[in-house]
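Here is how the chains run, residue by residue.
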Amino acid sequence: MALPPEKVTELKQIIHDHLHRMDIHGKIREVLAETVKSDQGPAYQPLTEVDFLNALQRRGIIEDVMKNLPFHSTDRQTETEQGSPPRPAANKNVTSLGKTNIDPSRRYLYLQVLGGKAFLEHLQEPEPLPGQVCSTFTLYLHFRNQRFRSKPVPCACEPDLKEGFFLEIYKEGVGKGSTMADSTTMLSMCDPVHFVLIKTDTSSETTLVSSYFLDWRSVLCSLSGKTCIAVELMGVGSECKVPAGVLTVSLELYPPLTEALSSDIISTQQSLERQRTAERERLFLVYAKQWWREFLEIRPSHQSKLVKIFAQDENGINRPVCSYVRVLRAGRLLESPRQAARFVSLLAHERAPVVGGGDKQEQWCTLMAFLCRGKGDCEDHATLLCSLLLGFGLDAYVCVGTKHKGTPHTWVLTRGTDGSITFWESLTAHRYLHQAIDPDAPPLAPQPKPSSPYRTVGCVFNHHTFLANCQPSDSVVLCVFDFQNQSRWKAMSTEALKSVCAPGSTTSLPPLPSLGAPSLDAAAASNQLELEMRFLVSEQRKVKQCGTCYGSFEG
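Here the structure is a predicted model, which is why all the values come from computation and not from measurement. (Residues numbered from 1 in each chain as written. Predicted model: local features only at pLDDT ≥ 70, side-chain atom pairs only at ≥ 80, totals over all residues. Heavy atoms only, no water.)

Colleague: Help me out: how do you make sense of the overall build of the chain in this one?
Modeller: Within the chain one finds 11 helices and 22 strands. Taking all 555 residues of the chain together, the buried fraction comes to 41%. Long-range contacts, defined here as pairs at least 24 residues apart, represent 64% of the contacts in the chain between residues at least 6 apart. A total of about 30,300 Å² of accessible surface is found on the chain, and carbon and sulfur atoms cover 54% of it. (Helix = DSSP H or I, 4+ residues; strand = E, 2+ residues; numbered from the N terminus. Buried < 20%, exposed > 50% of the residue type's maximum accessible area, 1.4 Å probe, protein only. Contact = heavy atoms within 4.5 Å. Areas by Shrake-Rupley, 256 points an atom, 1.4 Å probe, with all protein chains shown as cover.)

Colleague: Hey, could you run me through the packing of helix α6 (residues 263–298) against helix α10 (residues 494–501) in this one?
Modeller: Packed helix pairs are characterised by how far apart their axes lie and by the angle those axes make with each other. Between α6 and α10, the shortest axis-to-axis distance is 9 Å and the interhelical angle comes to 145°. Relative to α10, α6 is oriented so that their crossing is left-handed. Between α6, through Arg280, Glu281, Phe284 and Tyr287, and α10, the contact on the second element is made entirely by Ala496, Leu497, Ser499 and Val500. (Axes fitted to C-alpha atoms, helices over the stretch in contact; angles between N-to-C directions. Left-handed = near helix turned anticlockwise from the far one by under 90°.)

Colleague: Would you mind going over the packing of aromatic side chains with me for this structure?
Modeller: Working definition: an aromatic ring pair is given by the centre-to-centre distance plus the angle between the planes. Using the criterion set out here, one finds 22 aromatic pairs in the structure. These aromatic residues form a ring-pair network of at least three members: Tyr397, Trp411, Phe423, Tyr432, Tyr454, Phe481, Phe483 and Trp489. For the cation-ring pair, Arg431 lies above Trp424, with the distance from its terminal atom to the ring centre recorded as 5.2 Å. (Phe/Tyr/Trp six-rings, centres within 6.5 Å; stacked < 30°, edge-to-face > 60°. Lys NZ or Arg CZ within 6 Å of the ring centre and 35° of its normal.)

Colleague: Please explain the pairing of strand β20 (residues 454–461) as it appears in this structure.
Modeller: Every other side chain in a regular strand lies on the same face of the sheet, so the side chains alternate between the two faces. With respect to burial, β20 is a largely interior element, 7 of its 8 residues being buried. Summarising the sheet, strand β16 (residues 395–403) and β20 pair through 6 bridges and their orientation is antiparallel. Looking at the pairing, Thr402 lines up with Thr456 of β20. As paired elements, β20 and strand β21 (residues 466–469) share 3 bridges and run antiparallel to each other. The residue bridging Val460 from the neighbouring strand is Leu467, located in β21. Between β20 and the antiparallel strand that follows it, β21, lie 4 residues. (Pairing = 2+ DSSP bridges.)

Colleague: Please explain the sheet that holds strand β19 (residues 431–434) as it appears in this structure.
Modeller: Across a sheet, strands are paired by hydrogen bonds formed along the backbone, either parallel or antiparallel in direction. The sheet built from 7 strands is open, its strands ordered β19-β18-β17-β16-β20-β21-β22 with antiparallel pairing. Either end of the sheet is taken by a strand with one partner, and the two such strands are β19 and β22 (489–491). Recorded for the sheet is a direction-independent mean angle of 35° between the axes of neighbouring strands. Judged from the 3 bridges that link them, β21 and β22 form a sheet pairing that is antiparallel. Looking at β22, one finds that Ala468 is bridged to Lys490.

Colleague: Could you clarify how one ought to interpret the environment of Gln290 in this entry?
Modeller: In this fold, Gln290 is placed in helix α6. The class for Gln290 is partly exposed, based on a relative accessible area of 36%. Separated by 2.7 Å, the side chains of Gln290 and Arg293 make a polar contact. (Polar contact = N/O pair within 3.5 Å; in protein donor to acceptor, adjacent residues only side chain to side chain.)

Colleague: Can you walk me through the environment of Val196 in this structure?
Modeller: Structurally, the position occupied by Val196 is in strand β8 (residues 193–200). Sequence separation between Val196 and Arg373 is 177 residues, and the spatial gap between their C-alpha atoms is 8.9 Å. For Val196, the contacting residues outside a window of four places in its chain are Thr138, Leu139, Tyr140, Leu208, Ser210, Ser211, Met368, Ala369 and Cys372.

Colleague: Any chance you could explain the sheet that holds strand β11 (residues 243–254) here in plain terms?
Modeller: Pairing is antiparallel across the open sheet formed by 4 strands, whose spatial order is β7-β3-β11-β10. Of all strands in the sheet, those with a lone pairing partner are β7 (163–169) and β10 (226–234), marking the two edges. Along the sheet, successive strands turn relative to each other by an average axial angle of 25°, direction set aside. Inspection of the sheet shows strand β3 (residues 107–117) paired to β7 by 7 bridges, in the antiparallel sense. If you follow Leu111 over to β7, its bridge partner there is Phe165.

Colleague: I keep staring at the pattern of salt bridges and nothing clicks. Help me out?
Modeller: Oppositely charged side chains are able to pair whenever their charged atoms sit close together. This model, assessed by the stated rule, comprises 15 salt bridges. Among the ionic pairs, Glu294 bridges to Lys490, the shortest N-O distance being 3.3 Å. Here the residue Glu294 occupies a position in helix α6, and Lys490 occupies one in strand β22, the gap between them amounting to 196 residues. Of the charged contacts, one joins Asp395 and Arg415 as a salt bridge, the two residues approaching to 3.0 Å between their closest N and O atoms. Of this pair, Asp395 sits in strand β16 while Arg415 sits in strand β17 (residues 408–415), and the two are 20 residues apart along the sequence. Relative accessible area serves as the criterion here: at 26%, Asp395 is assigned to the partly exposed category. In this structure, a network of salt bridges that share partners links the residues Glu205, Glu350, Arg373 and Lys375. (Salt bridge = Lys/Arg side-chain N within 4 Å of Asp/Glu carboxyl O.)

Right under this line is the structure:
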């Protein structure tokens, strides 16, 4: 496949710069002088091009040129951007020739992980032998709708995490995506780079080690357009205040800025963003306290209802529950809402780990951490399913309540245009049609039988709505989901929720990652699995001295 003219020009420039740094002309002159001197004698013959190339090869000049030429390719697995057709994963190593595959008219952030250290939990970890199965670390990155994954490396006190990633810095807005972002535009971009470190043990069980948000804008004040920083990763859950390890990270802008910004300007911008976020969160907290007092004044029994306004994420930060739900469009990756429910149910269910006994620890994971880990609690499943159903245009809400035996639980509710209510169990993909029982009906009047496993419901919410159940009973079978009726449901102010939950409203709000096409070819994997099963069956039958013949099933 031929390269575009601008790519060819860029490639030539890279090769020219590399040869200039090696002082290739000086080395060629030295070899030429030595070759001419050794050829002077009685049997002197004119020096040919082939003889000169052989002399360069003997001196190792050609090998040095090819070996040191910076062919940069990142061993990464990209996932499809939201709303775009699936693209195959690109496996690249961290070198310079990867720049031939990028658009020189756009701005990129080259983020390079140079290694890890101080992972003290693995201080006594023995070095794995060649071919030995061992626990591994995998680093996942998310930045402005772009997702990357490193190759797994053995767990160690100083893990060999060395990867490079090209992150495109694009302008938002119609018609601005193809223009290069300048320093002022980048300064106003508060989107962080989200690091998620996952540990996979020998039994393929995954553990969330750390979730970290990196503010990359420190590179804007570097005169060379490049900076190196140490990123201290903290633990998660009950260990969110305990360091998990340190990553050495290099940041480089490509192409570099013509004029660097002052560090004072960057620190002032960050300080203003933090102040704005803190003020919005403070005002929302004041409003939430007032709203809760008003809710308790309706009935004193409301104190015992499961009305959850805030939830703690993996980093121990309390955030409004509405911020865990976003409109997530899967494009053509998921064909229907039922397929979305099936997809969510395939993610394993696991409660947040807790040290010691007592009640379970509450931990609502960010969507990126949940997807990278591949498992989570019922709250993680419910918020993901609700986000996907909203992406399909359904009127979806997350319900917080209890199941039978009073176990706290979350599930999803959708309202049809005809007023019908459907419950979606995110852990199993089962659906239940809800029909409320009329407590004022005559004793002999027929009543619908409960079909769902849910017992009580305290509140429902989505990305811009929060409603608390203020009906006399919070029993699901008696509950009427008429959200416009203020005597049954008390709503929070939409404007107050938008001030802290809308995308871009605060810098503490995690960015929403997009779903990506599967990296596994299902047809090829199933064929390989069939061949392996046939081989195992044949070997087992051979031990019992039985022959095996597989017939062809042709229609």
